[in-house]
Amino acid sequence: MTFHNELYRRFVSVTNKVKLLSSLRKSVALPADYDIAESQWSAIESPLSAIEAKLHACLKKEGKVYLKQIHQAEAKRALTMLLGKTELELSKSFIYFDTFVDLLSQRHLPEMGLLLGGCDVLAHDALKKDHPALSLIEKPLVSFNRGFGASILREGVPLPDGTPNPLATIQIPYTKIKDKYNLTSVVHESGHTAMVQLGLVNVLPEAISEALAHAGAPEVIRKLFALWTMEIGPDFWGFCNCGAAQASSAMEILCLPPSQVFKVSATDPHPPPFLRVLLSFEWCRQQWGIGDWDEWEKQWLTLYPLEAASERERKVLAAGRRYVSTVSRALFHTKFSVLDKRAMPSLFDLNRNAPERLERFVRDAENSGILDLSELSPCAQLALFRTLRNKSTLSEQSLDRLMTTWLVGLARRSKLKEHYS
């Protein structure tokens, strides 16, 4: 075979490889029941389609010229360079391709696929608030991952290949399959997106620091809480979405060895769990007064007495604890220009998650044998399930079956709504 014939065959081969970029959906081949929303597919495929169009146009335009002159050495060199450059760009693009193959392939597993679809709905509900900056956010994509905690790669953040992430991708531990009542972690991760989209990630640290300064807090406490707002903000977003369920879940999830609960870091944006859980209890107290959280707090302090912390940690944690109420008031009442001079809770109807209301749902369910979720949003439904776990005698197995049916229902109703919209 002559060299120019071999070069032509390579040109055809590279052209066919470029066409693979538009085959992601076909390659993953999710069954209809487990498929993601069309809007999610559109967001994921758009970058691949754009790259494919660009590379194909370049091959067609420049390749056509070089192939006409294929017998000339200069044209052979130019075509070789073009094909090599295209191969490199393709390999970079397939990093993006493979990322979503990995995330989406989990949905082939029958139970897991439907559960993740329900989690997508939950994550999106956590973001659907009355603010223009939140109106154009694409429905997040939730997947399972190894490890202890949940995480998020926000929309627009560069992926390993440098391509902006087309939609928020939330990863939760596999263990959430069995403790679905702690899916407030999904809501928390959505809160990270909300903080950025609303501009709160920039102004919240300053607001907390100013409130602490006005209360006479030492500089070290002001700086630490300003740093910790990176996680406190999404925690509070979770509270506004799920009410006391956020506090109850936080206590359970963060019941860790004392070395972790008392850990104080000047660089880690995660507050020490000791204070993080106390903050959640205080939010319940400031919103609803006396309640179950008072008993939860006693249990927490019994499990983790400050005397068990090191001297350095004990000083910081004791000082931080004195200002938990100050930080909480700032979160509830600070009016931000980025929210049109409104406070963060104004984006929510906190009364929908009032403990008395949710407990009434539980009592009605116990009397009738029917758990009526029709009046509640997905986040409020999650709050109700957490209340059900705390307040009823339902077994773990029964609750798990009930929540599995719930998540599957969220996914299926979302598909029906998409189909008829």
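Residues numbered from 1 in each chain as written. Predicted model: local features only at pLDDT ≥ 70, side-chain atom pairs only at ≥ 80, totals over all residues. Heavy atoms only, no water.

Colleague: Would you mind showing me how to read the sheet that holds strand S1 (residues 141–145) here?
Modeller: Backbone hydrogen bonds are what pair the strands of a sheet, in a parallel or an antiparallel way. Within the open sheet, the three strands sit side by side as S1-S3-S2. Their pairing is mixed. Edge positions in the sheet fall to S1 and strand S2 (151–153), since each has one partner strand and no second. Direction aside, the axes of adjacent strands within the sheet are offset by 25 degrees on average. Pairing between S1 and strand S3 (residues 169–173): five bridges, direction parallel. Paired with Asn145 across the strands is Pro173, a residue of S3. Across the face of the sheet, helix H4 (residues 73–105) comes into contact with S1 and S3 while running at roughly 80 degrees to S1. Of the strands in this sheet, S1 and S3 touch helix H5 (residues 110–125), which is tilted by about 130 degrees from S1. (Pairing = 2+ DSSP bridges. Helix = DSSP H or I, 4+ residues; strand = E, 2+ residues; numbered from the N terminus. Axes fitted to C-alpha atoms, helices over the stretch in contact; angles between N-to-C directions. Contact = heavy atoms within 4.5 Å.)

Colleague: Just to check I follow, could you spell out the packing of aromatic side chains for this structure?
Modeller: The geometry of an aromatic ring pair is captured by two quantities: the separation of the ring centres and the angle between the planes. One pass over the structure, following the stated rule, counts 18 aromatic pairs. Centroid distance Trp293 to Trp296: 6.4 Å. Interplanar angle 70 degrees. Geometry classified as edge-to-face. Taken together, the residues Trp293 and Trp296, both in helix H13 (residues 292–303) and three residues apart, mark about one turn of the helix. With relative accessibility at 4%, the residue Trp293 sits in the buried group. Assessed through its relative accessible area of 14%, Trp296 is described here as buried. Three or more aromatic residues joined by ring pairs form one cluster here, namely Phe236, Phe239, Phe281, Trp283, Trp288, Trp293, Trp296 and Phe332. (Phe/Tyr/Trp six-rings, centres within 6.5 Å; stacked < 30°, edge-to-face > 60°. Buried < 20%, exposed > 50% of the residue type's maximum accessible area, 1.4 Å probe, protein only.)

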